[in-house]
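One letter stands for each residue in the lines below.
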Amino acid sequence: MRSRFRTDNGQMLLAAARAGLGVVLVPLFMVEDALESGALEAVLPDFPHEGGDLQIFMPPARAGIARVRALVNFLFEKFDREI
């Protein structure tokens, strides 16, 4: 696919979509509010999302820290809705 605008920043992609610059593929949690408000429209809702696995790497000693565990739980909850 050829494009005139490329970025690996999800927030920039979201801003570009809101500005009407084209179609973007981003995680659902990033666009939920915009979809609900009607600011954006899903154009391929059944498009398969291959390769979107969430992987978290950390030293074993950090796994027991409450704030790290809270972040991991939050991320898995957010990404689990898209599986």
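Residues numbered from 1 in each chain as written. Predicted model: local features only at pLDDT ≥ 70, side-chain atom pairs only at ≥ 80, totals over all residues. Heavy atoms only, no water.

Novice: Where do I start with the overall build of the protein in this structure?
Specialist: Within the protein, the regular secondary structure consists of three helices and zero strands. Going from the N terminus to the C terminus, the protein shows its helices and strands as α-α-α. Counting every position in the protein, which comprises 83 residues, the buried fraction comes to 13%. In the protein, the proportion of contacts linking residues at least 24 apart, taken out of those at least 6 apart, comes to 24%. Here the protein displays about 7,300 Å² of accessible surface, and carbon together with sulfur accounts for 55% of that area. (Helix = DSSP H or I, 4+ residues; strand = E, 2+ residues; numbered from the N terminus. Buried < 20%, exposed > 50% of the residue type's maximum accessible area, 1.4 Å probe, protein only. Contact = heavy atoms within 4.5 Å. Areas by Shrake-Rupley, 256 points an atom, 1.4 Å probe, with all protein chains shown as cover.)

Novice: Explain the UniProt feature "transmembrane region" (unreviewed entry) in the protein here, please?
Specialist: UniProt annotation of "transmembrane region" (unreviewed entry) refers to residues 12-31 when read in the numbering used here. The span residues 12-31 shows a helical share of 55% and a strand share of 0%, and its end C-alpha atoms are spaced 12 Å apart. (UniProt positions renumbered as here; feature names shortened; annotations may be inferred.)

Novice: Mind showing me how you'd approach the nonpolar core here?
Specialist: Nonpolar side chains tend toward joint burial in soluble globular proteins. Counting eight residues, the largest nonpolar core consists of Leu13, Leu14, Ala17, Val26, Met30, Val31, Ala34 and Leu40. Of all the secondary structure elements, the ones that give two or more residues to this core are helix 1 (10-18) and helix 2 (28-37). Aside from chain neighbours lying at most four places away, what touches Val31 is Leu14, Val26 and Leu40. (Core = buried A, V, L, I, M, F, W, Y, C linked by side-chain atoms within 4.5 Å.)

Novice: Help me understand helix 2 in this model?
Specialist: For an α-helix, 3.6 residues make a turn, and residues three or four places apart therefore share a direction. Residues of helix 2 that are buried: Met30, Val31, Glu32 and Ala34. Each element contacted by the buried residues of helix 2 is listed here: helix 1. Positive phi appears at Gly38, one or two residues downstream of helix 2, with a value of about 90 degrees.

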